[in-house]
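Residue strings, one per chain:
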Amino acid sequence: GGGRAQAQQVELPRPTSPGVRVASLLSCERVDVGALAGAWRGLGVSAAARATAWKLLLGYLPRDSSAWADEEAARRNEYQRFVQEMVDP
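What comes next concerns the included structure. (Residues numbered from 1 in each chain as written. Predicted model: local features only at pLDDT ≥ 70, side-chain atom pairs only at ≥ 80, totals over all residues. Heavy atoms only, no water.)

Turning our eyes to something else, we now look at a nonpolar patch on the surface. A surface patch of nonpolar side chains, amounting to about 490 Å² of accessible area, comprises Tyr79, Phe82, Met86 and Val87. The residue Val87 is located in helix H4 (residues 68-87) in this model. Assessed through its relative accessible area of 66%, Val87 is described here as exposed. (Patch = residues over 30% accessible without salt bridge, like charges linked within 9 Å, V, L, I, M, F, W, Y side chains within 5 Å. Areas by Shrake-Rupley, 256 points an atom, 1.4 Å probe, with all protein chains shown as cover. Salt bridge = Lys/Arg side-chain N within 4 Å of Asp/Glu carboxyl O. Helix = DSSP H or I, 4+ residues; strand = E, 2+ residues; numbered from the N terminus. Buried < 20%, exposed > 50% of the residue type's maximum accessible area, 1.4 Å probe, protein only.)

If you want it as structure tokens, here you go:
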């Protein structure tokens, strides 16, 4: 024996960008808002993901992503009714 130990290469996990982390969290059926708040700092996140993240963090959207479309439609209708009441009382 040469008495020479071979170094093992250890593969370290690659850090993911905030955009990848946020996109991954937003793609879940039920979003973990706590994890979203910790993963997101606004840098490297697309405008669409940033908008959705804010809506979740502010409680505008429910955590259940399957309800997002219905909730946004209901909120838009509510806003339109409000505007109509204010413009034409």
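Residues of helix H1 (residues 18-26) that are buried include every one of Gly19, Val22, Leu25 and Leu26, and no others. Taken end-on, H1 shows its buried residues confined to a sector of 130 degrees, consistent with a single buried face. Against the buried residues of H1 lie helix H2 (33-39), helix H3 (47-57) and H4. (Arc of directions from axis to C-beta. Contact = heavy atoms within 4.5 Å.)

Here we come to the environment of Gly59. Turning to its location among the elements, Gly59 is positioned in the loop between H3 and H4. Take Gly59: its relative accessible area is 48%, and that puts it in the partly exposed class. Taking C-alpha positions, Gly59 is 9.5 Å from Val33, a pair spaced 26 residues apart along the chain.

The next subject is the pattern of salt bridges. In total, this model carries 2 salt bridges according to the counting rule given. A salt bridge links Lys55 to Glu72, with the shortest nitrogen-to-oxygen separation between them at 2.6 Å. Placement of the pair is Lys55 in helix H3 and Glu72 in helix H4, with a sequence separation of 17 residues. Note on Lys55: relative accessible area 27%, which makes it partly exposed.

This part covers the nonpolar core. The tendency in soluble globular proteins is for nonpolar side chains to be buried side by side. Val22, Leu25, Leu26, Val31, Leu36, Ala39, Val45, Ala49, Ala53, Leu56, Leu61 and Trp68 together form the largest nonpolar core, which totals 12 residues. Of all the secondary structure elements, the ones that give two or more residues to this core are H1, H2 and H3. Those residues in contact with Ala39, other than ones at most four positions away along the chain, are Pro18, Arg21, Val22 and Leu25. (Core = buried A, V, L, I, M, F, W, Y, C linked by side-chain atoms within 4.5 Å.)

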